[in-house]
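# Residue-level structure breakdown
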Amino acid sequence: MNLYLLVEGRRTEKKVYPKWISFLIPELSEIKDPSNAVVNNYYLFNGNGFPSILDNHLRNSVEEINELGTFNYLVMCIDADEVEVDERRKEVFDFIESNSIQLNNKTEFALIIQNRCIETWCLGNRKVYKRQPNSEELKEYVEFYNVHSDDPELMGRLEPHETHAQFHASYLTEMLLERNIRYTKNFPRGVVEQTYLDEMIKRTSKSNHIQTFRSFLDFCTKVNNQINKSANKAWSPMLPKSQPANPTQGS
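Here's a quick rundown of the structure.

Criteria and thresholds
- Residues numbered from 1 in each chain as written.
- Predicted model: local features only at pLDDT ≥ 70, side-chain atom pairs only at ≥ 80, totals over all residues.
- Heavy atoms only, no water.
- Helix = DSSP H or I, 4+ residues; strand = E, 2+ residues; numbered from the N terminus.
- Buried < 20%, exposed > 50% of the residue type's maximum accessible area, 1.4 Å probe, protein only.
- Contact = heavy atoms within 4.5 Å.
- Areas by Shrake-Rupley, 256 points an atom, 1.4 Å probe, with all protein chains shown as cover.
- Lys, Arg positive; Asp, Glu negative; His and termini not counted.
- Charge placed at Lys NZ, Arg CZ, Asp CG, Glu CD.
- Core = buried A, V, L, I, M, F, W, Y, C linked by side-chain atoms within 4.5 Å.
- Axes fitted to C-alpha atoms, helices over the stretch in contact; angles between N-to-C directions.
- Parallel < 35°, antiparallel > 145°, perpendicular 65-115°, else oblique.
- Left-handed = near helix turned anticlockwise from the far one by under 90°.
- Pairing = 2+ DSSP bridges.
- Phe/Tyr/Trp six-rings, centres within 6.5 Å; stacked < 30°, edge-to-face > 60°.
- Lys NZ or Arg CZ within 6 Å of the ring centre and 35° of its normal.
- Expected span 1.5 Å × (residues − 1).
- Salt bridge = Lys/Arg side-chain N within 4 Å of Asp/Glu carboxyl O.

We now examine the overall build of the chain. When helices and strands are tallied, the chain shows eight helices and five strands. Traced from its N-terminal end to its C-terminal end, the chain shows the element sequence β-α-β-β-α-β-α-β-α-α-α-α-α. Across the 251 residues of the chain, 50% fall into the buried class. For the chain, contacts bridging at least 24 residues in sequence account for 73% of all contacts bridging at least 6. Accessible area for the chain stands at about 13,500 Å²; split by element, carbon and sulfur atoms hold 47% of it. Side-chain charges in the chain split into 30 positive and 35 negative, and the spacing between the mean points of these groups amounts to 7 Å.

A few words on the nonpolar core. By size, the foremost hydrophobic cluster in this structure holds 50 residues, and its most contacted members are Leu 3, Trp 20, Tyr 171 and Phe 216. Listed in part, the 25 residues of the second largest apolar core include Tyr 43, Val 92, Phe 109 and Ile 113.

As a further point, take the packing of helix H5 (residues 136-144) against helix H6 (residues 164-177). Between H5 and H6, the shortest axis-to-axis distance is 10 Å and the interhelical angle comes to 125°. By the angle between their directions, the pair H5 and H6 is classed as oblique. Judged by the twist between their axes, the crossing of H5 over H6 is left-handed. Counted together, Glu 137, Leu 138, Tyr 141, Val 142 and Phe 144 of H5 and Phe 167, Ser 170, Tyr 171, Glu 174 and Met 175 of H6 form the full contact between these two elements.

This part is about the sheet that holds strand E5 (residues 108-114). Neighbouring strands of a sheet are bound in pairs by backbone hydrogen bonds; such pairs are parallel or else antiparallel. If you trace the five strands from one edge of the open sheet to the other, you get E2-E3-E1-E4-E5, paired in parallel fashion. Each of the sheet's edge strands pairs with one partner strand only, and the pair in question is strand E2 (29-31) and E5. Strand-to-strand twist in this sheet, taken as the mean axis angle between neighbours without regard to direction, amounts to 25°. The sheet strands contacting helix H1 (residues 13-24) are strand E1 (2-7), E2, strand E3 (41-46), strand E4 (73-79) and E5, and the helix crosses E3 at an angle near 165°.

Next up on the list: the packing of aromatic side chains. Across all of its chains, the model carries 16 aromatic pairs by this definition. Plain terms: the ring middles of Phe 167 and Tyr 171 are 5.8 Å apart, the flat faces sit at 65° to each other, and that makes the pair edge-to-face. Of the two residues, Phe 167 and Tyr 171 both sit in helix H6, four residues apart, roughly one turn of that helix. The exposure class of Tyr 171 is buried, given its relative accessible area of 0%. Among the aromatic side chains, those forming a connected cluster through ring pairs are Tyr 17, Trp 20, Trp 121, Phe 213 and Phe 216. We note Lys 15 situated over the ring of Phe 187; from NZ or CZ to the ring centre the distance is 4.7 Å. In this structure, Arg 88 is placed above the aromatic ring of Phe 50, and the distance from its NZ or CZ to the ring centre is 4.0 Å.

Right, let's get into H6. Think of an α-helix as turning once every 3.6 residues; residues three or four places apart then point the same way. Taking 1.5 Å per residue as the helical rise, H6 with its 14 residues ought to reach 20 Å, and the 20 Å between its terminal C-alpha atoms agrees with that figure. With 11 of 14 residues buried, H6 is to be regarded as a mostly interior element. Three or more residues of H6 are buried, namely His 164, Ala 165, Phe 167, His 168, Ala 169, Ser 170, Tyr 171, Leu 172, Glu 174, Met 175 and Leu 176. Close packing links the buried residues of H6 with helix H4 (118-122), H5 and helix H7 (194-206).

Under the criterion given, the structure shown has 12 salt bridges. Here Arg 88 and Asp 81 are joined by a salt bridge, their closest N and O atoms 3.5 Å apart. Judged by its relative accessible area of 19%, Asp 81 falls in the buried class. Arg 116 serves as the salt-bridge partner of Glu 84, at 3.9 Å between the closest nitrogen and oxygen. One end of the pair, Glu 84, is in the loop between E4 and helix H3 (85-98); the other, Arg 116, is in the loop between E5 and H4, with 32 residues separating them in the sequence.

So this is what it looks like as structure tokens:
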């Protein structure tokens, strides 16, 4: 099983996803050159933002994957940003169709959309949330929208932040700072820890919150199952050709 990950984020995703993958799909190991993919590897490439990830990198990645023929999945991870998830999904598939982009029949395309951004997902950790914050800025954020009780993916934008993603990132930064964790785009401290990820998983398993994160977890489960199935198949003892596979047959 080999994965080719094309992520949108210029800084954060390329540091967060490898950590999360090491916890969620531990059989996979990262490679720095896609030509080195053999068995249970993944390669991660930074698409440098949207729409650059589409306009400049998707086609090149597909061409590389088709030429190598060693990847089972092309996984593209992007933000919904200021549009709805379905609109972003349609934009991607319309681009693929209009540009006649086609993967080889050995590789499946998986689209992961972060609604609104990866920081939105990370706001789903209820344990790190402080009910009585000291920061006046965070108090204002909580008064605007309480991410402990309400789904972070449904949170709007508080002015003067220009975009949802900017506000959600600022909210996460302030929330973590209350726990003395200094989160930045370049150094996404805290969220890369397994205990942090476990709390996000707990949130989405016990509620219908952060559902696009749930989609990412479902994909990881699918890959894990395929790896395990392949391993079991590889190690299962072969019966003699003269003996039927099912002992109840042929009697």
